[in-house]
Amino acid sequence: MLKIRVIPTLLWKETGLVKGVGFSSTRRVGTILPAIKVYNTRQVDELIVVDVVATLGQREPDYTTVDAFSSHCFVPLTVGGGVRTIEHIKNLLKAGADKVCINSAAFDDPSLIKKAAMLFGSQCIVVSIDAVKNARGEYECYTHSGTTPTGILVKDWAVTMQELGAGELLITSIVHDGSMSGYDLELISLVTSNVQIPVIASGGAGCYDDMYQAITQSNASAVAAASIFHFTQQTPLEAKKYLGSKGLPVRNVYMGKNSNKQDGLKAWQ
Amino acid sequence: MVVLIVDYKTSNLGSIKRAVEMYAPSVIVSDNPADAKKADKIILPGIGVFADAMSYLKKHGWVDELTEQVVYNNKLFLGICLGMQLLADIGYEGGDTPGLGFIPGSVAKLQQMPHERIPHVGWNEVYSTQQDSLFQNIPNGADLYFVHSYAFTPRNPEHILATTPYAGGFVSAVQANNVFGVQFHPEKSTPVGFDILRNFLSR
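Scoring rules and cut-offs
Residues numbered from 1 in each chain as written. Chains lettered and ligands numbered in written order. Predicted model: local features only at pLDDT ≥ 70, side-chain atom pairs only at ≥ 80, totals over all residues. Heavy atoms only, no water. Contact = heavy atoms within 4.5 Å. Salt bridge = Lys/Arg side-chain N within 4 Å of Asp/Glu carboxyl O. Helix = DSSP H or I, 4+ residues; strand = E, 2+ residues; numbered from the N terminus. Nonpolar A, V, L, I, M, F, W, Y, C, P; charged D, E, K, R; others polar. pLDDT = per-residue confidence, 0-100. Buried < 20%, exposed > 50% of the residue type's maximum accessible area, 1.4 Å probe, protein only. Pairing = 2+ DSSP bridges. Axes fitted to C-alpha atoms, helices over the stretch in contact; angles between N-to-C directions. Core = buried A, V, L, I, M, F, W, Y, C linked by side-chain atoms within 4.5 Å. Phe/Tyr/Trp six-rings, centres within 6.5 Å; stacked < 30°, edge-to-face > 60°. Parallel < 35°, antiparallel > 145°, perpendicular 65-115°, else oblique. Left-handed = near helix turned anticlockwise from the far one by under 90°.

Peer 1: Please explain the interface of chain A and chain B as it appears in this structure.
Peer 2: Interface extent is often summarised as the accessible area lost during association of the parts. Each partner contributes to the interface: chain A provides 45 residues, whereas chain B provides 43 residues. Residues Glu125 of chain B and Lys3 of chain A are paired through a salt bridge, measuring 2.5 Å at the closest nitrogen-oxygen approach. When residues of the side of chain A that touches chain B are traced back to their parent elements, those giving at least two are helix H4 (86–95), helix H6 (111–120) and helix H12 (261–264) of chain A. Ranked by the residues each element gives to the side of chain A that touches chain B, the list is headed by H6 of chain A, at four residues. Residues belonging to the side of chain A that touches chain B are distributed by class as follows: 20 nonpolar, 14 polar and eleven charged.

Peer 1: Got a minute to help me understand the confidence of the model for chain B in this structure?
Peer 2: Low pLDDT means the predicted coordinates in that region are not meant to be read closely. Averaged over all residues, the pLDDT of chain B is 93; the fraction at 70 or higher stands at 100%. Interface confidence for the predicted complex, expressed as ipTM, amounts to 0.93; the pTM equals 0.92.

Peer 1: Sorry, what's going on with the pattern of salt bridges here?
Peer 2: A side chain with one charge can pair with a side chain of the opposite charge if their charged atoms come near. All names here are of chain A. Summed over the entire model, instances satisfying the criterion amount to 22 salt bridges over all chains. A salt bridge links Lys240 to Asp45, with the shortest nitrogen-to-oxygen separation between them at 2.7 Å. Remark: Asp45 occurs in the loop between helix H1 (32–41) and strand S4 (47–51) and Lys240 occurs in helix H11 (residues 236–245); sequence separation between them is 195 residues. Among the residues examined, Asp45 registers a relative accessible area of 0% and is labelled buried. Salt bridges sharing common partners tie together Arg5, Glu46, Lys99 and Glu168.

Peer 1: In this structure, what is going on with the confidence of the model for chain A? I would like to understand it.
Peer 2: All names here are of chain A. Residues at a pLDDT of 70 or more form 87% of chain A, whose mean pLDDT is 87. A low-confidence stretch, residues 19–26 (pLDDT under 50), is modelled with seven contacts involving residues beyond four sequence positions or located in other chains. In the model, residues 256–269 has pLDDT below 50 throughout and makes 35 contacts with residues more than four positions away in sequence or in other chains.

Peer 1: Please clarify how the pairing of strand S4 (residues 76–80) of chain B should be interpreted in this entry.
Peer 2: Along any regular strand the residues' side chains alternate between the sheet's two faces. Residue and element names in this part refer to chain B. Across the five residues that make up S4, a large majority, five, are buried. Here S4 shows no split at all, with Leu76, Leu78 and Ile80 on one side and Phe77 and Gly79 on the other all buried. Direction of pairing for strand S3 (residues 41–44) relative to S4: parallel, over a ladder of four bridges. Each residue of the ladder has a partner; that of Lys41, found in S4, is Leu76. Note: S4 against strand S13 (residues 179–182), four bridges, orientation parallel. Looking at S13, one finds that Leu78 is bridged to Phe180.

Peer 1: What is the right way to look at the sheet that holds strand S11 (residues 160–164) of chain B in this model?
Peer 2: Across a sheet, strands are paired by hydrogen bonds formed along the backbone, either parallel or antiparallel in direction. All names here are of chain B. Spatial strand order, S2-S1-S3-S4-S13-S12-S11-S8-S9: nine strands in an open sheet with mixed pairing. With partners counted over all chains shown, the strands left at the sheet margins are strand S2 (26–30) and strand S9 (142–148), one partner each. For this sheet, the mean angle separating the axes of adjacent strands, direction not counted, is 25°.

Peer 1: In this structure, what is going on with the nonpolar core? I would like to understand it.
Peer 2: Inside soluble globular proteins, nonpolar side chains tend to come together where they are buried. Residues Leu47, Ile89, Ile102, Ile129, Leu169, Met211 and Leu243 of chain A are the most contacted members of the largest nonpolar core, which totals 72 residues. In contact with Ile102 of chain A, not counting residues within four places along its chain, are Val83, Ile89, Leu112, Ile113, Ile125, Val126, Val127 and Ser128 of chain A. By size, the runner-up hydrophobic cluster in this structure holds 40 residues, among which are Val20, Ile138, Phe184 and Phe200 of chain B.

Peer 1: Help me understand helix H3 (residues 63–70) of chain A in this model?
Peer 2: Helical geometry: 3.6 residues make up each α-helical turn, so side chains three or four residues apart lie on a common side. Within H3 of chain A, six of the eight residues are buried, leaving the element largely enclosed by the surrounding structure. Listed in full, the buried residues belonging to H3 of chain A are Tyr63, Thr65, Val66, Ala68, Phe69 and Ser70 of chain A.

Peer 1: Even after reading the chapter, I still don't get the packing of aromatic side chains, so can you show me in this structure?
Peer 2: The description of two aromatic rings rests on the distance between their centres and on the angle between their planes. Residue and element names in this part refer to chain B. Tallying each qualifying case throughout the model produces eleven aromatic pairs over all chains. Pairing Trp123 with Tyr145 gives two aromatic rings, centres 5.5 Å apart and planes at 65°, and the pair type is edge-to-face. Note that Trp123 is positioned in strand S8 (residues 120–128) and Tyr145 in strand S9, a separation of 22 residues in sequence. Overall, Trp123 belongs to the buried group, its relative accessible area being 1%.

Peer 1: I tried to follow the environment of Ser145 of chain A on my own but got confused; where do I start?
Peer 2: Residues and elements named next belong to chain A. Within the fold, Ser145 resides in the loop between strand S8 (139–143) and strand S9 (148–153). Accessibility expressed as a relative area gives 39% for Ser145, which makes it partly exposed. Separated by 49 residues in sequence, Ser145 and Gly96 place their C-alpha atoms 24 Å apart. In this view, Ser145 contacts Thr55, Leu56 and Asp130; residues no more than four positions away in its chain are not counted.

Peer 1: Explanation requested: the environment of Ile113 of chain A in the structure shown.
Peer 2: Residues and elements named next belong to chain A. Residue placement: Ile113 occurs in helix H6. Sequence separation of Ile113 and Leu164 is 51 residues, and the distance between their C-alpha atoms is 6.1 Å. In contact with Ile113, not counting residues within four places along its chain, are Ile102, Ala106, Ile125, Val127, Met161, Leu164, Gly165 and Ala166.

Peer 1: Can you walk me through the packing of helix H9 (residues 208–216) of chain A against H11 of chain A in this structure?
Peer 2: In a pair of packed helices, the angle between the axes and the distance between the axes together describe the arrangement. Residues and elements named next belong to chain A. Direction vectors running N to C along H9 and H11 enclose 55°, while the axes themselves pass 9 Å from each other. The orientation of H9 with respect to H11, classified from their angle, is oblique. Crossing of H9 over H11 shows right-handed handedness. Counting all contacts with H9, which are made through Tyr208, Asp209, Met211, Tyr212 and Ile215, the residues of H11 involved are Glu238, Ala239, Tyr242 and Leu243.

Peer 1: When you look at the packing of H3 of chain A against H4 of chain A in this model, what are you seeing that I'm missing?
Peer 2: Residue and element names in this part refer to chain A. At a minimum axis distance of 8 Å, the contact between H3 and H4 shows a crossing angle of 30°. Between H3 and H4 lies a crossing whose hand is right-handed. For the pair H3 and H4, contact is made by Tyr63, Val66, Asp67 and Ser70 and by Glu87, His88, Asn91, Leu92 and Ala95, respectively. Of the residues contributing to the contact of H3 with H4, the split by class is four nonpolar, three polar and two charged.

Peer 1: Mind showing me how you'd approach the pairing of S11 of chain B here?
Peer 2: All names here are of chain B. Bridge count between S8 and S11: two bridges; the pairing is antiparallel. For Ser128, the partnering residue across the bridge sits in S11 and is Ala162. Hairpin connection of S11 to strand S12 (residues 170–176): five residues between the antiparallel strands, including Ala167 at a positive phi of 55°.

Peer 1: Would you mind showing me how to read the sheet that holds strand S10 (residues 150–154) of chain B here?
Peer 2: Residues and elements named next belong to chain B. Pairing is mixed in the open sheet, where four strands are placed in the order S6-S5-S7-S10. Two strands lie at the open edges of the sheet, namely strand S6 (97–98) and S10, each paired on one side alone. Looking at chain direction, strand S5 (residues 90–91) and S6 are connected through two bridges and run antiparallel. Paired with Ile90 across the strands is Pro98, a residue of S6.

Structural data, given as structure tokens:
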């Protein structure tokens, strides 16, 4: 059966340019590339890289650096941040992204999602929704890294995005994000109960049990997390061992061609 | 051995190229069908939409050239993801479109089951029907990475090489003589996916 995914999110914030040795172009490599290399060796399920600078600065995605990232990335890679047009999506996929993540641009022009799904296929279009509970107690969508309210309810937007062709939804609680106090289970449940496409929970993971709750209580298909992996000793691999020990389906880890078939798979039951 | 990776403008080819280069001394990535003549093995990767992909392949002379090299010259061929789906006679994504027709069958949307979500995204088990061939020394039921909403069902059950338990069960790999197809992304499913690629490249 389909396995639960644990997806580290790498927030790409560097603004300083680094001149790569032997390269003629400058790149914003910073800490992202080393992190990608490490995760690759540990058979992580997927990676999400969000270009925070592009989102806030309204500048174009940095294809050169994405190309550099993908050349070291042999796991599925989702890239987001500042994705605004069909050209951006096309160029990001060409640069090595397997999926692209779109947030603010969808509010400016929802038809972007429809066009992108028709051109590239739904499966590579992830729509990211950042949510805050408003004064009326309803979850409302926010854009531009959680700074700008849209007046649109998360429940309605999630359904609209699905109808237009989004392949997956990445749902982030602005309040829980970075708090390491748990995902917003009410928010995630709201979305999973209203759409039939996969939902990735984001924002708040502080321990492996938080991920377990997001999956079992809120029906998330995958859990994304940044702070827990960045600031603590916890790892995606240990997260999956924990989830597996609690009976959730997690990816079996292949030990390599030289091992015999019995030992070839190591699953945590 | 020369391996050709067909560039038909549907996706990034970096990952598949890097993966193949680990096992094949000479890899060409080309958008020129004539290069298929010098290849010993041909790989058709791809993500995207069936109708658009076939439109491109037809317009740029790939359908004729691939048919000659694969069907008449019996060159080993591997279709990945959309590349596997294009092997069919007909696909229903983006309208009813004839495929390459190398393996009889059709491509339709995955069946929506209760408690399951479409697209099928993530790691899932692949159970092969034959242990020699692409899946030699690969543990049966190993997880490989999928990201798709459509699947190819061959008309002849003997062409089914592997299945995956999702959407009521779908065909995740096919083989008809020298023609192979895998619905998952071996180049994104390290290390077991790489071993499958190695099996193809060492045939």
